[in-house]
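# Overview (structure and organization)
Single-letter residue listing:
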Amino acid sequence: MLTLASKLKRDDGVRGPRASNPASDSTRRVSVRDKLLVKEVAELEANLPCTCKVNFPDPNKLHYFQLTVIPDEGYYQGGKFQFEIEVPDAYNMVPPKVKCLTRIWHPNITETGEICLSLLREHSIDGTGWAPTRTLKDVVWGLNSLFTDLLNFDDPLNIEAAEHHLRDKGVSSVETKHTNEELIVFFATLLVGT
């Protein structure tokens, strides 16, 4: 009878001991990630929201790309927000690493670019965190939704931004009609004044 242990021993005998060749494990893991990414990037490009654009600075490195979100409704309508997405070697067992490159006053994004989006969490209490069944398409749609229906004032990462939005709802919607540069100057004056 063939068992997993005997198969591994036989395979190790053909390839040599596993401990002496740790690079092959990481190479194999990267190739699994890259195989997944070829399929997922094709699916992503076919199902990209009309408010999003993806850019691969190096088309040979599908594990690193930039996303631009240009909301067409809500508080952030007309803004242009850049995200950096890096897919780690252990993908799809761990989520991609995402950072917002555009400085923004948002309840779910810090001024340093950290993002509060449950599907980007490796472990989530509510069960909506990352799972190996999720894809890059889910990540992009989730980031896009941060500017519309997932805008969360109740459990913010940036508490000051959430309080400001709730306190001055009318002002916030007018402010976001300006360019990102104008918003940065406006919020910098608010921060200096406090």
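Residues numbered from 1 in each chain as written. Predicted model: local features only at pLDDT ≥ 70, side-chain atom pairs only at ≥ 80, totals over all residues. Heavy atoms only, no water.

Per an unreviewed UniProt entry, the protein goes by the name E2 NEDD8-conjugating enzyme and belongs to Falco tinnunculus. UniProt, in its Pathway (unreviewed entry) section for the protein, records the words "Protein modification; protein neddylation." In the Sequence similarities (unreviewed entry) part of its UniProt record, the protein is described as follows: "Belongs to the ubiquitin-conjugating enzyme family." (UniProt positions renumbered as here; feature names shortened; annotations may be inferred.)

Within the protein one finds six helices and four strands. Traced from its N-terminal end to its C-terminal end, the protein shows the element sequence α-α-β-β-β-β-α-α-α-α. Burial statistics for the protein: of 194 residues in total, 36% are counted as buried. In the protein, the share of contacts with a sequence separation of at least 24, taken over all contacts with a separation of at least 6, comes to 53%. Of the accessible surface of the protein, which amounts to about 11,500 Å², a share of 57% is contributed by carbon and sulfur atoms. (Helix = DSSP H or I, 4+ residues; strand = E, 2+ residues; numbered from the N terminus. Buried < 20%, exposed > 50% of the residue type's maximum accessible area, 1.4 Å probe, protein only. Contact = heavy atoms within 4.5 Å. Areas by Shrake-Rupley, 256 points an atom, 1.4 Å probe, with all protein chains shown as cover.)

Per the UniProt entry, the sites bearing "active site" (unreviewed entry) are Cys116 in this numbering. In this fold, Cys116 is placed in the loop between strand 4 (97-100) and helix 3 (136-145).

Here the largest pocket is characterised by a volume of approximately 260 Å³. Grouping the constituent residues of the lining of the largest pocket by class yields five nonpolar, four polar and three charged. (1 Å grid on protein atoms, 1.4 Å probe; cavity = no way out; pocket = protein on both sides within 12 Å on 5 of 7 lines; lining within 4 Å. Points joined across faces, edges and corners; volume = space filled by probe spheres on them. Nonpolar A, V, L, I, M, F, W, Y, C, P; charged D, E, K, R; others polar.)

Taking strand neighbours across the sheet as the criterion, the four strands line up as 1-2-3-4 in an open arrangement whose pairing is antiparallel. Unpaired on one side and paired on the other, strand 1 (52-55) and strand 4 mark the two borders of the sheet. Taken pair by pair, the neighbouring strands of this sheet meet at an average axis angle of 20°, ignoring direction. Relative to strand 3 (residues 81-86), strand 2 (residues 64-69) runs antiparallel, the two sharing six bridges. Looking at strand 3, one finds that Tyr64 is bridged to Glu86. Running over the sheet, helix 3 touches strand 1, strand 2, strand 3 and strand 4 and is turned about 35° from strand 2. (Pairing = 2+ DSSP bridges. Axes fitted to C-alpha atoms, helices over the stretch in contact; angles between N-to-C directions.)

Core analysis: the biggest nonpolar cluster contains 33 residues, and Leu67, Phe83, Val98, Ile109, Ile115, Leu143 and Phe147 have the highest contact counts within it. When contributions to this core are tallied by element, the ones reaching two or more residues are helix 2 (22-46), strand 2, strand 3, strand 4 and helix 3. No other element matches helix 3, which puts four residues into this core. Aside from chain neighbours lying at most four places away, what touches Phe83 is Phe65, Gln66, Leu67, Val69, Val98, Lys99, Cys100, Leu101, Ile109, Ile115, Leu143 and Phe147. (Core = buried A, V, L, I, M, F, W, Y, C linked by side-chain atoms within 4.5 Å.)

Another point: helix 4 (residues 159-167). Along an α-helix, residues three or four apart share an orientation, since each turn contains 3.6 residues. Among all positions in helix 4, only Ala161, Ala162, His164 and His165 are buried. The buried residues of helix 4 all sit within an arc of 165° when viewed along its axis, so they share a single face. Pointing more than 90 degrees away from the buried face of helix 4 are the exposed residues Glu160 and Arg167. (Arc of directions from axis to C-beta.)

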